[in-house]
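The chain contents come next:
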Amino acid sequence: QERLRIESWITGFTDGEGCFSVSFIKNKTSKSGWQIFPEFVITQGAKSFSALEIFKNYFQCGKIYVNKRYDNHNEYLYRYCVRSISELQTNIIPFFQSHRLKTYKHNDFILFVKILDLMSKGKHLSQDGAIKIAKIVEKMNRKKASQFLKSSETKR
């Protein structure tokens, strides 16, 4: 009973505050000059730090980072992040496949899983694969145009 409650809470909290994202980051040490960076993130203010600890303890992976703010907010932001592809595939994806998100975030999750599948097959290491991933990323979250696809370094 308690386990069902925590799993429902995690699903609902993620629907409201979570994000499945994939970023392209310039990286001179990688062959293509870009690193593809998938992550699952929950962000909260300092007053709700304990919620992030629940996620970390439940999934037994990821880290909590502080974003020290010096703007008009009165508290720091904290982020629970899972960035390891193996931890995403072993801990995060199976959970949300079993405990379906109720909002549009479920669609982002489906695309996120598709990208991780491509990455686990090494597709992200080729130019064509990276372009395919970038086009999927453009359909996620705020549907922003990919800087990777706009880059002069990307051959089309």
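To start, this report covers the structure provided alongside it. (Residues numbered from 1 in each chain as written. Predicted model: local features only at pLDDT ≥ 70, side-chain atom pairs only at ≥ 80, totals over all residues. Heavy atoms only, no water.)

1. A few points about the nonpolar core
Turning to step 1, where the next piece is worked out: The biggest cluster of nonpolar side chains holds 37 residues, and the ones touching the most others in it are Phe-20, Phe-40, Phe-59, Tyr-80, Ile-92, Phe-96 and Ile-133.
Turning to step 2, where the next piece is worked out: Only α1 (2-17), β1 (18-26), β2 (34-45), α2 (49-59), β4 (77-82), α3 (85-98), α4 (105-120) and α5 (127-137) provide two or more residues apiece to this core.
Turning to step 3, where the next piece is worked out: If you tally residues by element for this core, the top one is α4, at seven residues.
Turning to step 4, where the next piece is worked out: In this view, Phe-40 contacts Thr-14, Cys-19, Phe-20, Phe-55, Phe-59, Tyr-80, Cys-81, Val-82, Leu-88, Ile-92, Phe-96 and Phe-112; residues no more than four positions away in its chain are not counted. (Core = buried A, V, L, I, M, F, W, Y, C linked by side-chain atoms within 4.5 Å. Buried < 20%, exposed > 50% of the residue type's maximum accessible area, 1.4 Å probe, protein only. Helix = DSSP H or I, 4+ residues; strand = E, 2+ residues; numbered from the N terminus. Contact = heavy atoms within 4.5 Å.)

2. Some points on a positive patch on the surface
Turning to step 1, where the next piece is worked out: A surface patch of positive charge is lined by Lys-114, Lys-123, Lys-132 and Lys-139.
Turning to step 2, where the next piece is worked out: Here Lys-123 shows up in the loop between α4 and α5. (Patch = residues over 30% accessible without salt bridge, like charges linked within 9 Å, V, L, I, M, F, W, Y side chains within 5 Å. Areas by Shrake-Rupley, 256 points an atom, 1.4 Å probe, with all protein chains shown as cover. Salt bridge = Lys/Arg side-chain N within 4 Å of Asp/Glu carboxyl O. Lys, Arg positive; Asp, Glu negative; His and termini not counted. Charge placed at Lys NZ, Arg CZ, Asp CG, Glu CD.)

3. A look at the sheet that holds β2
Turning to step 1, where the next piece is worked out: The strand order across the open sheet formed by four strands is β1-β2-β4-β3, and the pairing between neighbours is antiparallel. Among the strands making up the open sheet, the edge pair consists of β1 and β3 (63-67). For this sheet, the mean angle separating the axes of adjacent strands, direction not counted, is 40°.
Turning to step 2, where the next piece is worked out: Across the face of the sheet, α2 comes into contact with β2, β3 and β4 while running at roughly 10° to β4. (Pairing = 2+ DSSP bridges. Axes fitted to C-alpha atoms, helices over the stretch in contact; angles between N-to-C directions.)

4. Regarding the side chain of Asn-27
Turning to step 1, where the next piece is worked out: On the secondary structure map, Asn-27 appears in the loop between β1 and β2.
Turning to step 2, where the next piece is worked out: A polar side-chain atom of Asn-27 sits 2.5 Å from a polar atom in the side chain of Thr-29.
Turning to step 3, where the next piece is worked out: A distance of 3.3 Å separates a polar atom in the side chain of Asn-27 from a polar atom in the side chain of Gln-35.
Turning to step 4, where the next piece is worked out: Apart from the residues within four sequence positions on either side, Asn-27 is in contact with Gly-33, Trp-34 and Gln-35. (Polar contact = N/O pair within 3.5 Å; in protein donor to acceptor, adjacent residues only side chain to side chain.)

5. Digging into α3
Turning to step 1, where the next piece is worked out: End to end, α3 covers 19 Å across 14 residues, agreeing with the expected 20 Å (1.5 Å per residue, within 8%).
Turning to step 2, where the next piece is worked out: Remark: the principal bend of α3, roughly 35°, maps to Ile-92, with a proline, Pro-94, within the next four residues.
Turning to step 3, where the next piece is worked out: Turning to α3, its buried residues are Leu-88, Ile-92, Ile-93, Phe-95 and Phe-96. (Expected span 1.5 Å × (residues − 1). Bend = angle between axes of the 7 residues up to and from the residue.)

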